[in-house]
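Given next are the chains, with one letter for each unit.
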Amino acid sequence: MLKNQSYWNIINESHLNLESTESHLSPVLHQLLLQRGITEREEIESFIFPKLEQLHEPEKISMIEKAATRIHKAIEEREKILVYGDYDADGVSSTALLMTVLNELGAECDFYIPNRFTEGYGPNEAAFIEAKENGFNVIVTVDNGISAHHEATVAKQLGIDLIITDHHEIQGELPDAYAIIHPKCSESYPFHELAGVGVAFKFAEYLLGFFPEHLLDFVAIGTIADLVPLINENRILAYYGLEKLSATEKPGLIALKKQCEIEGIVTEEDVGFLIGPRLNAVGRLQDADMAVELLLSQDEEQARLLAEEIQSINEERQQIVQQIVEEAEAMVDPNDQQSVIIVYKEGWNEGVLGIVASRLVRKYNRPTIVLNINSETELAKGSARSIPAFDLFNSCMQIKHIFTSFGGHAQAAGMTLRVENLAELMNGLNQIIREQLTAEDFIPVIDINYSIDVNDVNETLIAEINQLAPFGMGNPKPIFQISAQPKEIRQIGHLKNHLKLQFEHENGIMEAIGFRMGHLYPYMTPKTDITIVGELGINEWNGFKKPQMIIEDIQISERQIFDYRGKLIREYALFNKQHQRELALINMGNEQKYDIPKTMQLVYYTSDLTDIHEADALYIYDLPQDLSTLQTIVNKVNPYNIFACFEVEESAYMTPIPTREDFKWYYALIYHRKKLDLKIEHQRIMAEKQWSKQKIWWMSKVFFELNFVTIEDGVIQLESSPQKRELQTSHTYQQLIARAKIEKTLFYSTYEGLVAWFQSCLPAMQMPKEEMSYGL
């Protein structure tokens, strides 16, 4: 048995009406739509085939007219306009988008991206002063500014008209800016979840007076990379933005796609895992200007060089992340009772700490804060990530007095605080978490949309599922459950840290890949049904396509027999965390012979059966003297997992049992010689009969037990008047036959035979209630 690591939430469909009037929809697609609350024909059509006409008019956003009028006035009067962006993919794409529009309108404009390390996120006073000195009278923020109260006041004092376009959470009062374009500040605007680039796009549309379809590739990048919900307008913008990105003619995006090795259709996964991280990498390690320059580039050679440089920066970023993750993990005690993880160190790169925090959340399932310490300023600055059950933003706002700066949303945040306040941060969050969460909230949850037979997985089904794309927040990729017996299981990757399963089905082979699941390989046993949950897709390699599942979790619900018979290297120590109670079965006196973990309780074949209780796992180190004793113990322990760890040093089964003719010859020799000194004579007998020394002594012992001979100091001679007795009545003879049978049944049997024998010993397995509630 292998327990699943997450809680499996099988979506309850009992309340859903599965009687579809949409006969062209497959049962799977229909059910997935119903789970999304999409039931009417019009809703289905608009979701599967979104239309640009479904987008809301930008006029509904408050203050957009005032902001546009000011921009047009600046253009007419040749006033300089500064686009003030942000260093992430959303901010970079927003900056490039608005710069493109302003250039098309003939504006005198430039952009400014603050340095993550020296300036931090959002507007700052020094940058505004510099902008004024350089002749800028209008500043337009994109993807930032909604919390820039002080900077808005500074802008007004400097005579700069500050236009804020943003989508982040509003903290209290609004800044005193010239205009604020923010969906959440607009009661009449129906959709409040646009990304920063989406807000910039709405402003661009209003400025241009027409729908700027040529900018949708920028919109797709920022919208998908910023992890906003891909519903409503975001779905439409991402849908058509990916189409535009697939056929883009922008040299910068073409060069970037080439570095990502993206050809043909661009998917949301390409943006999320390839394009977005590369654009983000620049701002994580240095000024993000290079990323904007790439997106704006009109020269193919310049774009190629910039894309290559960004690729190099991203590779460096990956190395830095891995190093910090390893250092941070070394600081975490998995048995710590703290509800939140806070790790910090001087010298950590602040630009990648959000990625590190995400990795730690995935590993430990606790809200995590990762901070860099600046010993000169005595400030701790970094990023935080949370688990679904815990609203990080609102919780931190309850203790906002300890931060010098703070911002974010429910699942992610950035913060700066004094080092002396770290203990208060830990205590404050621990208290809030204890008040809000239960132990179950720390178990990750996987929502399973559909249980499917492996024979039903094919390219047609996956094409139907992809009609729901683009997938993302608010429209997650469906998770499927498959139970089947894999044909092959193996570890893959240079470090053997990934898992690959192959399932045979009617149409060929379906593969399943478990990234970073290579450590589960020892938990797999041959010819065992395995249940996997994950996303379905197509693996294309060398022109061949085949269905594939990306595994999110694995479960084995049946008993397992682990075959370590005669093996020197055994990996069963890995199972300690899987089992609550483990028993080791050995012969009395063999305690020091085996390297038995201290967590296991020792049980002997001679133990009183009333002292033996049920356990999760039974490790059998020695063969029994009789099979019935082992049968009784196995039945009594009733384990989920059995580990056959025994070995045979002198095999009875592999030792040929002497024939009746062998006994007759040996008896005749003793009869004629009257007395035989085996210490001297055994060499001659071995040479003449090709017998082993063990065989000679064993036959001698049988004769002795039957009172045919006496043995004293190695000298054997006939009894004066032996009685006739059958060889089989000898205890030694019986013991060899029984031992051979035990070895044949338990040691020399096939794996299938071993499994069948143990299964015959065990009662029917019943799953405990607590494990059933854990998704089993």
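Once a new chain begins, its residue numbering starts again from 1 and follows that chain's sequence as written. Predicted model: local features are reported for residues with pLDDT of at least 70 only, side-chain atom pairs are reported and counted for 80 or more only, and whole-chain, interface and lining totals are derived from all residues. As a rule here, side-chain values cover all heavy atoms of the structure and leave hydrogens and water aside.

(A) Up close: the environment of Leu495. Considering the arrangement of structural elements, one finds Leu495 in the loop between strand S15 (488-492) and strand S16 (498-505). Considered as a pair, Leu495 and Met290 are 205 residues apart in the sequence and their alpha carbons are 34 Å apart. The numbering of helices and of strands both runs from the N terminus, where a helix is a DSSP run of H or I of at least 4 residues and a strand a run of E of at least 2.

(B) Spotlight on the packing of aromatic side chains. When two rings of Phe, Tyr or Trp (its six-membered ring) have centres within 6.5 Å they constitute a pair, described as stacked for plane angles under 30 degrees, edge-to-face for angles over 60, and tilted for the intermediate range. Throughout the structure, instances matching the rule amount to 24 aromatic pairs. Ring centres of Phe663 and Tyr733 lie 6.4 Å apart, and the angle between their planes is 45 degrees; on these two criteria the pair is classed as tilted. Remark: Tyr733 occurs in helix H22 (residues 731-746) and Phe663 occurs in helix H19 (residues 660-673); sequence separation between them is 70 residues. Burial classes: relative accessible area under 20% of the type maximum marks a residue as buried, over 50% as exposed, and values in between as partly exposed (1.4 Å probe, protein chains only). For Phe663, a relative accessible area of 4% puts it in the buried group. For a Lys NZ or an Arg CZ to count as sitting over a ring, it must be within 6 Å of the ring centre and within 35 degrees of the ring normal. Over the face of the ring belonging to Phe218 we find Lys250, whose NZ or CZ atom lies 4.9 Å from the ring centre. Lying across the ring of Trp665, Lys689 places its NZ or CZ 4.8 Å from the centre.

(C) Spatial organisation of the pattern of salt bridges. A carboxyl oxygen of Asp or Glu within 4 Å of a side-chain nitrogen of Lys or Arg is what we treat as a salt bridge. Counted by the stated rule, this structure contains 30 salt bridges. Linking Lys73 and Glu77 is a salt bridge whose minimum nitrogen-to-oxygen distance equals 3.2 Å. For Lys73, a relative accessible area of 37% translates into the label partly exposed. Using a relative accessible area of 48% as the deciding quantity, one classes Glu77 as partly exposed. For Glu378, the salt bridge is made with Arg418, and the minimal N-O distance between the two is 3.5 Å. Of this pair, Glu378 sits in the loop between strand S8 (368-374) and strand S9 (379-385) while Arg418 sits in strand S11 (residues 412-418), and the two are 40 residues apart along the sequence. In the salt-bridge network here, residues are joined through shared partners; they are Arg673, Glu681, Arg684 and Glu688.

(D) Looking closely at the nonpolar core. To qualify as a nonpolar core, a set must consist of buried Ala, Val, Leu, Ile, Met, Phe, Trp, Tyr and Cys residues joined through side-chain atoms within 4.5 Å. If you look at the biggest cluster of nonpolar residues, it comprises 96 residues, and the most contacted ones within it are Ile71, Ile81, Leu97, Phe203 and Ile275. Excluding its chain neighbours within four sequence positions, the residues that come into contact with Ile71 are Ile81, Leu102, Val138, Val140, Ile163, Phe203 and Leu207. Among the nonpolar cores identified, the runner-up in size contains 40 residues, and Ile48, Leu468, Met549 and Ile551 belong to it. Contact between two residues is taken to exist if any of their heavy atoms lie within 4.5 Å; hydrogens are not considered.

(E) Focus on the sheet that holds strand S4 (residues 136-142). Only strands joined by at least two bridges in the DSSP assignment are considered to pair. The sheet built from five strands is open, its strands ordered S3-S2-S4-S5-S6 with parallel pairing. With partners counted over all chains shown, the strands left at the sheet margins are strand S3 (108-112) and strand S6 (179-181), one partner each. Sheet twist, expressed as the average angle between the axes of neighbouring strands with direction ignored, equals 20 degrees. Note that strand S5 (residues 161-165) and S6 share three bridges and pair parallel. When the bridges of S6 are listed, Ile164 appears paired with Ile180. Strands strand S2 (80-84), S3, S4 and S5 of the sheet are contacted by helix H5 (residues 125-133), whose axis makes an angle of about 140 degrees with S4. Every angle, taken between N-to-C directions, lies between 0 and 180 degrees, and every axis is a line fitted to C-alpha atoms, over only the stretch in contact when it is a helix.

(F) Representation of the sheet that holds strand S27 (residues 715-718) in the model. Strand order in this open sheet of three strands is S25-S27-S26, and the pairing throughout is antiparallel. Lying at the two open borders of the sheet, with one neighbouring strand each, are strand S25 (675-677) and strand S26 (709-712). Neighbouring strand axes in the sheet, compared pairwise and without regard to direction, differ in orientation by 20 degrees on average. Across four bridges, S26 lies against S27 in antiparallel orientation.

(G) Layout of the confidence of the model for the protein. One confidence number per residue, pLDDT, is output by the predictor and ranges from 0 to 100. Put simply, the protein has an average pLDDT of 92, and 96% of its residues get 70 or more. Throughout residues 768-776 the model reports pLDDT below 50, and contacts reaching past four residues in sequence, or to other chains, amount to 21 contacts.

(H) Spatial organisation of the side chain of Thr141. By secondary structure assignment, the location of Thr141 is in strand S4. Polar contact is defined as a pair of N or O atoms within 3.5 Å, subject to the rule that within protein one atom must be able to donate a hydrogen and the other to accept it, and that residues adjacent in sequence are counted only when both atoms are side-chain atoms. Here Asn144 takes part through its backbone oxygen, which lies 2.7 Å from a polar atom of the side chain of Thr141. The contacts of Thr141, once residues within four sequence positions are left out, are Tyr84, Pro123, Leu162, Ile163, Ile164 and Thr165.

(I) Broad picture of a nonpolar patch on the surface. The grouping of Tyr653, Met654 and Tyr748 at the surface amounts to a nonpolar patch, some 290 Å² of accessible area in total. One can find Tyr653 in the loop between strand S24 (641-644) and H19. Patches in this entry comprise residues that are over 30% relatively accessible and not in a salt bridge; like charges within 9 Å are linked, as are nonpolar side chains (Val, Leu, Ile, Met, Phe, Trp, Tyr) within 5 Å. Method for areas: the Shrake-Rupley scheme with a 1.4 Å probe, in which residue coverage is limited to the protein chains shown.

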